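Here's the letter readout for the chains.
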Amino acid sequence: MAKVVVLGAGVMGSAFTMPLADNGHAVSLVGTHLDTDIIEEIHETRVHPRLCIRLRDNVAPYTYDRLGEVIRDADLVVIGVNSLGVDWAGEMLRPVLPEGTPLLFLTKGLAGDGEQLHLLPHRLRTHLTPSQQKHTPLMAIGGPSIAGELAAERDTCVVITGEDAHLLERTAAMLRTRYYHVWTSTDMVGVETCVALKNLYALAVGCVGGLLAKAGKASNDAVMHNLSAAIFAQGLWETAYMVDFMGGKRRSVFTLPGAGDLYVTSMGGRNSRMGWHLGQGVPYSVAKREYMPDETIEGAQLAQAIGPTIEALTAQGVLDAAALPLMLKMIEIVCHDAPVEFPWDAFFAGSVRE
């Protein structure tokens, strides 16, 4: 039995406790400073208010101020915060993280500093002490995993990635259940790049729903699956280019982290709902303010996080703009309130390695 701390009591962090608990591990679910109501509800009813499912009895809920208490002697710390909470999580962990304790990231995204793009595990690591940075193994989970399905024990297939193959296999063994199927990969760069970009391209696919609602069905009830599929394919094409650029492996693009995760994220959720408003012709800033003010739109969040860096790198010729027409268009839509007008003639071009 291992002692596992999950930092972040949102839907994914909480759903992730299910396979851990079912394998008999002692799990401490620590909410962020934004999760107090969730933690209180779990204390009172054992039911997660957003997952609408009862957590296992061997999952103990704690508020964030008790992190130092529960992290002692932890065998694994799981990072389940929102991508905007990575810096907060790093500052929280710095004074209390036992040296050598592995970090496993559920959090998805990329960070940009105007000159380079950074993986979020690497971004969090900068907040740790020099000794912690040197001795803390980093791992991440990628692949199609809807929190509600995982919590309901629907079959879910994911990849766990990191540099230490032996640690990956030990951790995967902690997680595997009859419904949670885990493969390992040492391609952290490729996996993390894929699972971050899927949100941006799922937002693009989501725009088709709004375009359809705006145009209406055809006389023969035809919809716009052709269009959705083309945008999906362009998203994978651009993801392959970015994985090459970041130094990852192409295999991750066409397996669970890339194609798999983009597929499931395009099926619905907050990216799709925001995309519907955008496809209707509503500028992003207006749609966010009027229709989804309190919701995290992962695709838009990523566009805002990396948009200025992507624009700078393409202007400098470091990135090939011809290889990223859809990404650049989505950055224009989110960051500059541009209308949804896809550059069809620019698709499937640029310097992507065949």
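Below: a short report on this structure. (Residues numbered from 1 in each chain as written. Predicted model: local features only at pLDDT ≥ 70, side-chain atom pairs only at ≥ 80, totals over all residues. Heavy atoms only, no water.)

Moving on, we get to helix 15 (residues 325-336). Here helix 15 spans 15 Å end to end across 12 residues, near enough to the 16 Å set by a 1.5 Å rise per residue. For helix 15, a buried count of 9 out of 12 residues is recorded, marking the element as mostly surrounded by other parts of the structure. Close packing links the buried residues of helix 15 with helix 9 (188-215), helix 10 (225-246), helix 12 (270-279), helix 13 (284-291) and helix 14 (298-315). In the segment just after helix 15, Asp-337 is the residue with positive phi, at about 55°. (Helix = DSSP H or I, 4+ residues; strand = E, 2+ residues; numbered from the N terminus. Expected span 1.5 Å × (residues − 1). Buried < 20%, exposed > 50% of the residue type's maximum accessible area, 1.4 Å probe, protein only. Contact = heavy atoms within 4.5 Å.)

In this section: the packing of helix 12 against helix 13. Where helix 12 meets helix 13, the closest approach of the two axes is 9 Å, and the angle between their N-to-C directions is 125°. Taken together, the axis directions place helix 12 and helix 13 in an arrangement best described as oblique. As helix 12 runs across helix 13, the sense of the crossing is right-handed. Contacts between helix 12 and helix 13 involve Met-274, His-277 and Leu-278 from the first element and Tyr-284, Ala-287, Lys-288 and Tyr-291 from the second. Each residue belonging to the contact of helix 12 with helix 13 can be placed in one class, and the counts come to 5 nonpolar, 1 polar and 1 charged. (Axes fitted to C-alpha atoms, helices over the stretch in contact; angles between N-to-C directions. Parallel < 35°, antiparallel > 145°, perpendicular 65-115°, else oblique. Left-handed = near helix turned anticlockwise from the far one by under 90°. Nonpolar A, V, L, I, M, F, W, Y, C, P; charged D, E, K, R; others polar.)

With the rule as written, the count across this model stands at 12 salt bridges. The closest approach of N and O atoms between Asp-57 and Arg-54, which form a salt bridge, is 2.8 Å. Residue classification places Asp-57 among the exposed positions, given a relative accessible area of 62%. With a shortest N-O distance of 3.2 Å, Glu-332 and Lys-329 are connected by a salt bridge. Of this pair, Glu-332 and Lys-329 both sit in helix 15, 3 residues apart, roughly one helical turn. Of the residues examined, Glu-332 reaches a relative accessible area of 33% and is grouped as partly exposed. Shared partners join several salt bridges into a network, and the residues in it are Asp-22, Arg-56, Glu-153 and Arg-178. (Salt bridge = Lys/Arg side-chain N within 4 Å of Asp/Glu carboxyl O.)

Right, let's get into helix 1 (residues 11-22). Helix length check: helix 1 (12 residues) gives 17 Å between terminal C-alpha atoms against 16 Å at 1.5 Å per residue, within 8%. Burial within helix 1 is extensive, with 9 of its 12 residues counted as buried. Among all positions of helix 1, only Gly-13, Ser-14, Ala-15, Phe-16, Thr-17, Met-18, Pro-19, Leu-20 and Ala-21 are buried. Just past helix 1, the residue Gly-24 takes up positive phi, approximately 85°.

What follows covers the sheet that holds strand 6 (residues 76-79). As summarised here, the arrangement of the 8 strands in space is 5-2-1-6-7-10-11-12, forming an open sheet in which the pairing is mixed. Pairing within the sheet leaves two strands with one partner each, and these edge strands are strand 5 (59-62) and strand 12 (180-185). Between one strand axis and the next, the sheet turns by 25° as a mean value, whatever way the strands run. As defined by bridge partners, strand 1 (residues 3-7) adjoins strand 2 (residues 26-30) across 5 bridges and the pair is classed as parallel. Following the sheet pairing, Lys-3 is matched in strand 2 by Ala-26. Strands strand 2 and strand 5 of the sheet are contacted by helix 2 (residues 36-45), whose axis makes an angle of about 135° with strand 5. (Pairing = 2+ DSSP bridges.)

Here Ala-346 lies in the segment after helix 15. In this structure Ala-346 comes out as partly exposed when scored by relative accessible area, which is 28%. Sequence spacing of Ala-346 and Arg-270 is 76 residues, and the spatial spacing of their C-alpha atoms is 27 Å.

This part is about the state of the cysteines. Within the structure shown, the criterion is met by 0 disulfides. The structure places no disulfide on Cys-157, whose sulfur is separated from the nearest cysteine sulfur, that of Cys-194, by 17 Å. Given a relative accessible area of 28%, Cys-157 falls into the partly exposed group. (Disulfide = S-S within 2.5 Å.)

The next subject is the pairing of strand 10 (residues 138-142). Counting buried residues in strand 10 gives 5 out of 5 residues, a clear majority hidden from the surface. Judged from the 3 bridges that link them, strand 7 (residues 103-105) and strand 10 form a sheet pairing that is parallel. Looking at the pairing, Phe-105 lines up with Ala-140 of strand 10. Where strand 10 meets strand 11 (residues 156-162), 4 bridges bridge the pair, whose relative direction is antiparallel. Bridged to Ala-140 within strand 11 is Thr-161.

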